[in-house]
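A look at the structure
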Amino acid sequence: MTTEAEAAPTSTGRTAWARRITDGLEPKNVILVLLPLLGGLRYGWTGIGWALFAVLFAAVVPTLIIRQGMRKGTVADRHVGQRKRRMTVFPLIMGSVLLSFAVMIGLDAPADLTALVLAMFASLVPILVITAWWKVSVHTAVATGAVVCLAIALGPLWLLLSPLVPLIGWSRVVLRDHTTAQTVVGTVVGALTAGLTFWLAR
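Here we summarise the structure given alongside this text. (Residues numbered from 1 in each chain as written. Predicted model: local features only at pLDDT ≥ 70, side-chain atom pairs only at ≥ 80, totals over all residues. Heavy atoms only, no water.)

Tallying secondary structure elements over the chain gives seven helices and zero strands in all. Secondary structure elements in the chain, listed N-terminal to C-terminal, are α-α-α-α-α-α-α. Projecting the C-alpha coordinates of the chain onto the three principal axes gives extents of approximately 50 × 40 × 25 Å. Residues counted as buried form 48% of the 202 residues belonging to the chain. The contacts in the chain between residues at least 6 apart in sequence include a share of 77% that link residues at least 24 apart. (Helix = DSSP H or I, 4+ residues; strand = E, 2+ residues; numbered from the N terminus. Buried < 20%, exposed > 50% of the residue type's maximum accessible area, 1.4 Å probe, protein only. Contact = heavy atoms within 4.5 Å.)

Here we come to the packing of aromatic side chains. Taken as a whole and judged by the stated rule, the model has three aromatic pairs. Between the aromatic rings of W50 and F53, the centroid separation amounts to 5.8 Å while the plane-to-plane angle is 85 degrees, which identifies the pairing as edge-to-face. With W50 and F53 both in helix α2 (residues 27–72) and three residues apart, this pair spans about one turn of that helix. By relative accessible area, which is 24% here, F53 ends up partly exposed. Centroid distance W133 to W134: 5.9 Å. Interplanar angle 15 degrees. Geometry classified as stacked. Given the relative accessible area of 17%, W134 is considered buried. The structure contains a cluster of three or more aromatic residues connected by ring pairs, namely W50, F53 and F57. Directly above the ring of W17 sits R20, whose terminal nitrogen or CZ lies 4.8 Å from the centroid. Its guanidinium or amino end placed over the ring of Y43, R42 lies 5.1 Å from that ring's centre, counting from NZ or CZ. (Phe/Tyr/Trp six-rings, centres within 6.5 Å; stacked < 30°, edge-to-face > 60°. Lys NZ or Arg CZ within 6 Å of the ring centre and 35° of its normal.)

Take helix α6 (residues 164–174) next. Residues of α6 that are buried: V165, I168, G169, S171, R172 and V174. In this structure, the buried side of α6 is in contact with α1 (13–24), α3 (83–106), α5 (138–154) and α7 (180–201). Phi turns positive, to about 60 degrees, at R176, one or two residues after α6.

Let us look at the nonpolar core. Counting 44 residues, the largest nonpolar core has L35, L116, M120 and F198 as its most contacted members. Breaking this core down by element, the ones donating at least two residues are α2, α3, α4 (111–131), α5 and α7. Counting residues per element, this core draws most heavily on α2, at 12 residues. When sequence neighbours within four positions are dropped, the list of residues in contact with L116 reads L34, L35, L38, C149 and F198. (Core = buried A, V, L, I, M, F, W, Y, C linked by side-chain atoms within 4.5 Å.)

In this section: a nonpolar patch on the surface. On the surface, W17, L161, L164, L167 and W170 cluster together into a nonpolar patch covering about 450 Å² of accessible area. For the nonpolar patch, the element with the highest residue contribution is α6, accounting for three residues. With respect to the element layout, L164 can be found in helix α6. Of the residues examined, L164 reaches a relative accessible area of 35% and is grouped as partly exposed. (Patch = residues over 30% accessible without salt bridge, like charges linked within 9 Å, V, L, I, M, F, W, Y side chains within 5 Å. Areas by Shrake-Rupley, 256 points an atom, 1.4 Å probe, with all protein chains shown as cover. Salt bridge = Lys/Arg side-chain N within 4 Å of Asp/Glu carboxyl O.)

Let us look at the environment of W199. When you line up the elements, W199 lands in helix α7. As a C-alpha pair, W199 and A153 span 46 residues in sequence and 8.5 Å in three-dimensional space.

This paragraph deals with the pattern of salt bridges. Where charged atoms from two side chains of opposite charge approach closely, those side chains can pair. Scanning the model with the defined rule gives seven salt bridges in all. Between R19 and D23 there is a salt bridge, and its shortest N-O distance comes to 3.5 Å. Here the residue R19 and the residue D23 both occupy positions in helix α1, the gap between them amounting to four residues, near one helical turn. With a closest N to O distance of 2.9 Å, D177 and R172 form a salt bridge. The pair formed by D177 and R172 is uniform in burial state, with each residue classed as buried. One network of salt bridges, with partners in common, ties together R19, D23, E26, K28 and R78.

Below, the structure is given as structure tokens:
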């Protein structure tokens, strides 16, 4: 049984919804919401300012890296569906996130935002290792990490966002971008790595 998509699924109402969910709740968009939300609720306008700085390195620069790869033909799609291509793209994204973390530490950025950026980087480490032989879901890892970090920082009511994670996983499986196992492993990696790192670093 293959662990990667071999063909695009037939266009139906089900797959159309799956595509909307996959694209709408892709990691970039989750980060675009997560950082300003946490920054604003914890630190007000100062937090939003720092959050936007972090967004630049954690979402905007990675998007530009992927788009550059698409223009060159080395990356096939915005979600970097080919596992081997992820092995070249992910280290560049990790470098961008790490640079953001270093600047934030050096300039004494708010603790929770700095910890969140570190949690993002830490999550990418096991993802990169696993990707060397298996295509783990980054979508579910990022979404789960976001929910767990919000719950740690702002309270357990934010766990009510948890149903979004299996919804995202469902969309990835319907589109044949991942197997169910790959979405589940992504969920576990995101929860444990991001959650533990954020909790220890804040």
